[in-house]
Amino acid sequence: MAILVLLGGAAVIHAQDVVPTTNEPSLNYPGGTQNPTGPVVELNPPNESVERAGQSYSAQARRFQYGLLLRVRGIYDDNINISQFNPISDFYFVIEPTITLGLGDIFERTENYIRFDYTPSVFLFLDHSENDAVQHLIHLEGHHRFGRLDLTLLQDIQILDGVDIGATADTGITGTFANLDVSGRTRVDIYSTQLKAAYELTGKTFLSSGLNSTITDYPALISSEVISGNLFINYAYSEKISVGLGGTGGYDFVDAPNPDQSFEQVNMRLSYQATGKVSFNASGGVEFRQFEHSSRDTYISPVFEIDASYQPFVATSLSLAVSRRTLNSAVLAGQDFASTTISLAARQRLFQRIYLGLNVGYQNSDYFSTISGISANRNDDYFFVQPTVDVMVTRFWSVGAYYVHRQNDSSFDAFTFDNNQVGFRTVLTF
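What this report covers is the structure whose coordinates are included nearby.

Reading the values: rules and limits
- Residues numbered from 1 in each chain as written.
- Predicted model: local features only at pLDDT ≥ 70, side-chain atom pairs only at ≥ 80, totals over all residues.
- Heavy atoms only, no water.
- Helix = DSSP H or I, 4+ residues; strand = E, 2+ residues; numbered from the N terminus.
- Buried < 20%, exposed > 50% of the residue type's maximum accessible area, 1.4 Å probe, protein only.
- Contact = heavy atoms within 4.5 Å.
- Areas by Shrake-Rupley, 256 points an atom, 1.4 Å probe, with all protein chains shown as cover.
- Phe/Tyr/Trp six-rings, centres within 6.5 Å; stacked < 30°, edge-to-face > 60°.
- Lys NZ or Arg CZ within 6 Å of the ring centre and 35° of its normal.
- Pairing = 2+ DSSP bridges.
- Polar contact = N/O pair within 3.5 Å; in protein donor to acceptor, adjacent residues only side chain to side chain.
- Salt bridge = Lys/Arg side-chain N within 4 Å of Asp/Glu carboxyl O.

## Overview of the overall build of the protein chain
Move 1: Check the secondary structure of the protein chain and you find 1 helix and 18 strands.
Move 2: The 430 residues of the protein chain split such that 53% are buried.
Move 3: Sequence separation of 24 or more characterises 60% of the internal contacts of the protein chain that already satisfy a separation of 6 or more.
Move 4: Total accessible area computed for the protein chain in this model is approximately 17,400 Å², and 64% of it derives from carbon and sulfur atoms.

What follows is the structure, given as structure tokens:
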């Protein structure tokens, strides 16, 4: 799926990132609050910082902090392999413990901190045990401020075995991050590294830059590795509005027979924080992509990311996320695709203990040839809808249920699928 990135002081559009960066597991919000790069954005409850202080995490930002969470889900799935032909249904359990270790300001992320998160996910199928799997998500993040210079390092490792790209990246709302390019069960290991820097020039201007590496390793399909760097100059027009102008350049190493690729982007971005209730971040520009041995003409495409949130009331949260970027195909030789996504999320808390949620999203994948003479006419339209309900039984225990309908309409019948899931979950914090 497409990945949506929040734009901050050193953020930049990453046209090749495949998997989202993981945020902390919520110990007080049963639906999960991680913000993946798929087409769903979950919002934290408005009093999150207060509630967290009462959980297993230490309330003092400069002390060692830890968290333990156990999530157990039971899911009935009518198409476990998201296949167009001969769909197979099954009931399976997912056991997902999460351990978080940190030192410093691991929640607000404005002061110095270092944080480590690890989530293994155990999938156990009742009738088709050949699909049993163990997946792993490892996230390491650190930030240090040297006077006017801020440095942030992020490292993510995802070891996945299934039909979803982000199944372990957001255990609160699984089921929506189908691996649409493959549209089937597969193994993939993804390693993502980011080094971000921001340097204050004056009270209103600052530079921001980043170095990024994403390795997408398919044992049986087409793998790729993307290395990129960016530089922006930013101006704080007011306390609420900041604008930036910059560029991104990178190189994309792709397995044969696909050609390696280089790309450049010209980007502008805008950040608007009207009040504590309204937030808007946007980045947009144009990408120019070249192909090894001039295997085809330069591919020119818009790239953008928009992330907006609105909290009209204390118990109500709304969000919008839109993005477009270019990705390598893992199954079609000599082809990339432009992925455009849009998602909406709504959350409502009732009677202090009940959380109602609704997530809807759409993604278009438009494939194009990277080698002259190869016909690329695949086009996919994917959408999903997911209502949820969760109840806080105690401060440390929640139970809930959700339904997911997702379908992909592809110009290639082999990648078309229709899928329904009904899930029950419980979350314990220690």
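Don't stop here, the text continues.
## A few points about the packing of aromatic side chains
Move 1: Within this structure, the stated rule accounts for 10 aromatic pairs.
Move 2: It is R378 that lies over the ring of F415; its NZ or CZ is 3.6 Å from the centre.

## Some thoughts on the pairing of strand β18 (residues 417–429)
Two faces belong to every sheet, and in a regular strand the side chains alternate between them.
Move 1: Two strands pair when backbone bridges link them, and strand β1 (residues 64–77) and β18 are joined in this way by 9 bridges, in the antiparallel orientation. Across the sheet, the residue bridging to Y76 is V422, located in β18.
Move 2: The sheet contact formed by strand β17 (residues 397–410) and β18 spans 12 bridges and is antiparallel. Note that in β18 the partner of Q407 across the bridge is D418.
Move 3: What sits between the antiparallel neighbours β17 and β18 is a turn of 6 residues.

## Looking at the side chain of H143
Move 1: Residue position: H143 is located in strand β4 (residues 133–146).
Move 2: H143 sits in the buried class, given a relative accessible area of 8%.
Move 3: Separated by 2.9 Å, the side chain of H143 and the backbone oxygen of E111 make a polar contact.
Move 4: Those residues in contact with H143 that lie beyond four places of it in its chain are T110, E111, N112, Y113, D150, L151 and T152.

## Observations regarding unusual backbone geometry
Most peptide bonds take the trans configuration, and most residues that are not glycine carry a negative phi.
Move 1: Residues A256 and P257 are joined by a peptide bond in cis, for which omega reads 10°.
Move 2: Inspection of the secondary structure puts P257 in the loop between β9 (241–254) and β10 (261–272).
Move 3: Of note, N86 is a non-glycine position whose phi angle comes to about 55°, a positive value.
Move 4: Of note, N86 is situated in the loop between β1 and β2 (90–104).
Move 5: Positive phi values are uncommon outside glycine, yet S294 reaches one of about 50°.
Move 6: The residue S294 is located in the loop between β11 (278–291) and β12 (299–313) in this model.

## Points about the pattern of salt bridges
Move 1: What the rule picks out here adds up to 11 salt bridges.
Move 2: Of the charged contacts, one joins E96 and R73 as a salt bridge, the two residues approaching to 3.1 Å between their closest N and O atoms. A residue pair is termed long-range when its members are at least 10 positions apart, and E96 in strand β2 and R73 in strand β1 qualify at 23 residues. The same class applies to E96 and to R73, which are both buried.

## What about the pairing of β10?
Move 1: As defined by bridge partners, β9 adjoins β10 across 12 bridges and the pair is classed as antiparallel. Paired with L245 across the bridge in β10 is M268.
Move 2: The loop that links β9 with its antiparallel partner β10 comprises 6 residues.
Move 3: Two strands pair when backbone bridges link them, and β10 and β11 are joined in this way by 12 bridges, in the antiparallel orientation. The residue of β11 that forms the bridge with E264 is F288.
Move 4: Here β10 hands over to β11 after 5 residues, the two strands then running antiparallel side by side.

Purely spatial values, then, with no claim about function.
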